[in-house]
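Geometric and topological summary
Residues per chain are reported as follows:
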Amino acid sequence: MTVTVSPTPTIKAQPVIPVMKPWLDETEAAAAADAVLSGWVAQGPRVKAFEAEFALSVGASHGIAVSSCTTALHLGLYAHGIGRGDDVLVPSLSFIATTNAARYVGANPVFADVDPITANVTVETLEAALTPATRAVIVVHQGGVPADVDAIAAFCRDRDVVMIEDAACSAGSRYKGNPVGFRSPLASWSFHPRKLLTTGEGGMVSVEDGDLAARLRRLREHGMSVSAADRHAAVGPVREGYLEVGFNFRMTDIQAAVGLVQLGKLSAMVQRRRSIVAAYQARLADVGVIRTVVDPPWGQSNFQSFWIEISRDSPATRDEVLAALAADGISARHGIMAAHRQPAYAGHPTGSLPGTDLITDHTLILPVFHQMTEDEQSRVVESLRRAVGAGAE
Ligand SMILES: *Cc1c(COP(=O)(O)O)cnc(C)c1O
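All values reported here derive from a predicted model rather than from experimental measurement.

Turning to the site of the ligand, a few remarks are in order. Close to the ligand lie 15 residues, the nearest being Cys 69, Thr 70, Asp 166, Ser 190 and Lys 195. Asp 166 places a polar side-chain atom, nitrogen or oxygen, 2.8 Å from a nitrogen atom of the ligand. Separating an oxygen atom of the ligand from a side-chain N or O atom of Lys 195 is a distance of 2.6 Å. Contact with the protein chains hides 92% of the accessible area of the ligand, taken as 380 Å² for the molecule alone. Across the shell around the ligand, the residue classes tally to six nonpolar, seven polar and two charged.

In space, the four strands of this open sheet follow the order S10-S12-S14-S13, with antiparallel pairing throughout. The outermost strands of the open sheet, each flanked by one partner alone, are strand S10 (290–292) and strand S13 (333–334). Direction of pairing for strand S12 (residues 306–310) relative to strand S14 (residues 363–366): antiparallel, over a ladder of four bridges. Bridge pairing links Trp 307 to Ile 365 in S14.

Let us look at the pattern of salt bridges. Two side chains of opposite charge can pair, provided their charged atoms sit close to one another. Scanning the model with the defined rule gives 20 salt bridges in all. The salt bridge partner of Lys 176 is Asp 150, with a shortest N-O separation of 3.0 Å. Residue Lys 176 is found in the loop between strand S6 (174–175) and strand S7 (178–179), and its partner Asp 150 is found in helix H7 (residues 149–158); the two are separated by 26 residues along the sequence. Classification of Lys 176 by relative accessible area gives partly exposed; the value is 47%. With a closest N to O distance of 2.7 Å, Asp 319 and Arg 318 form a salt bridge. Through salt bridges with shared partners, one network takes in Asp 25, Glu 28 and Lys 265.

Cut-offs used in this document
- Along each chain, the written sequence defines residue order, and numbers are assigned to residues from 1.
- Only residues with pLDDT of at least 70 get local features here, since the model is predicted, and only at 80 or more are side-chain atom pairs given and counted; chain-wide, interface and lining totals rely on the full set of residues.
- Hydrogens and water are ignored here; the side-chain numbers use all heavy atoms of the structure.
- Here a residue is considered near a molecule or strand provided that any single heavy atom belonging to it is located within 4 Å of it.
- Contacts described as polar in this section are N or O atom pairs within 3.5 Å, which, within protein, must combine one atom able to donate a hydrogen with one able to accept it, while residues neighboring in sequence count only if both atoms come from side chains.
- Surface accessibility in these figures is a Shrake-Rupley result with a 1.4 Å probe; residues are shielded only by whichever protein chains are displayed.
- Under the grouping applied here, Gly and all other residues not named as nonpolar or charged are polar, the nonpolar ones being Ala, Val, Leu, Ile, Met, Phe, Trp, Tyr, Cys and Pro and the charged ones Asp, Glu, Lys and Arg.
- Strand pairing requires that DSSP identify at least two bridges connecting the strands.
- Helix numbers and strand numbers start at the N terminus; a helix is a DSSP run of H or I with at least 4 residues, a strand a run of E with at least 2.
- Criterion for a salt bridge: a side-chain nitrogen of Lys or Arg within 4 Å of a carboxyl oxygen of Asp or Glu.
- Throughout, exposure labels follow a simple rule: accessible area from a 1.4 Å probe, protein chains only, divided by the maximum for the residue type, with under 20% read as buried, over 50% as exposed, and the rest as partly exposed.

It is worth stressing that arrangement in space is one thing and function is another; only the former is reported here.
As structure tokens, then:
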């Protein structure tokens, strides 16, 4: 059915509410300027400091900064020797980089379904997707909601399968009382502005094993035995060796300077997002046709993405609700994508993925950003309630 939306002229005239906005100010600008004026703009001392502080904040022994979470995932699989002939279990319900990473190393991505409540893979969905050639699993903490990583780690250990965490969305989320990524064998992080903490573009690999950390550091920098920064800092000539074929996946010191400031704001970011989400949850609780994402029993989300499901009983479909929000100047988004439905994976063998299809077809993501005002949130709530015929609060 079609929904008649009649926005009043005053609502029309109001500025558009974005779905996300990074929380950046003069402090990040000054830090970036300092890096530029220092004369050292490539990977250097600021990257080193950012790696150490980020690792500390998530409870990891080592942090290796890279150019994105996509390259972090690629390196993680590569460093474990995953490649041709290997299957990698991934949720189709994720940003497409999760699946692409398997392809980059020549491996075959195998789609696992997700639980429709958490939008994450579970031991059951992984078990159903498992093949004799499975050598790795990429566990995504989707939208910031922590997956049940202890259970999945045990599942992987029993089968001699490598577990890689795609923690792109989940800096600041918590699992069983610790930060997501705490003592993780390998977790990949994103600092794209769509996530909480941003460096423009950027990523990190966090690991426990010191030898693996040293190799990852080398691999992200052409396989060089001495980093360019160390070589530059040395007084005498240092001859580097190229120990294996590596990549250029480096982060710049300008990005790391911004990242260091952002890291100091992370807990405030999470707190603010969680309070905005709590208000949404309370103000939509009486709307039967809307289900909101919630914390799982084992942790707390940073609510990087606050999604809601529009049930089949709703008088307006998900797409009609999105159109109504857009007409009111609210920039909401379709829910999380599903790689198996994209042209890039047309013809790729896929089993039935009911949880994935449900989330991708029936959810949408509402605006949540640090600077969001009460008025802005009220506009979203009112527009949404009107769109699904729920009446005023
Ligand atoms: C954003 C995202 C990525 C990609 O991160 P980039 O830093 O942009 O490469 C990977 N996986 C998930 C789950 C993401 O949300």
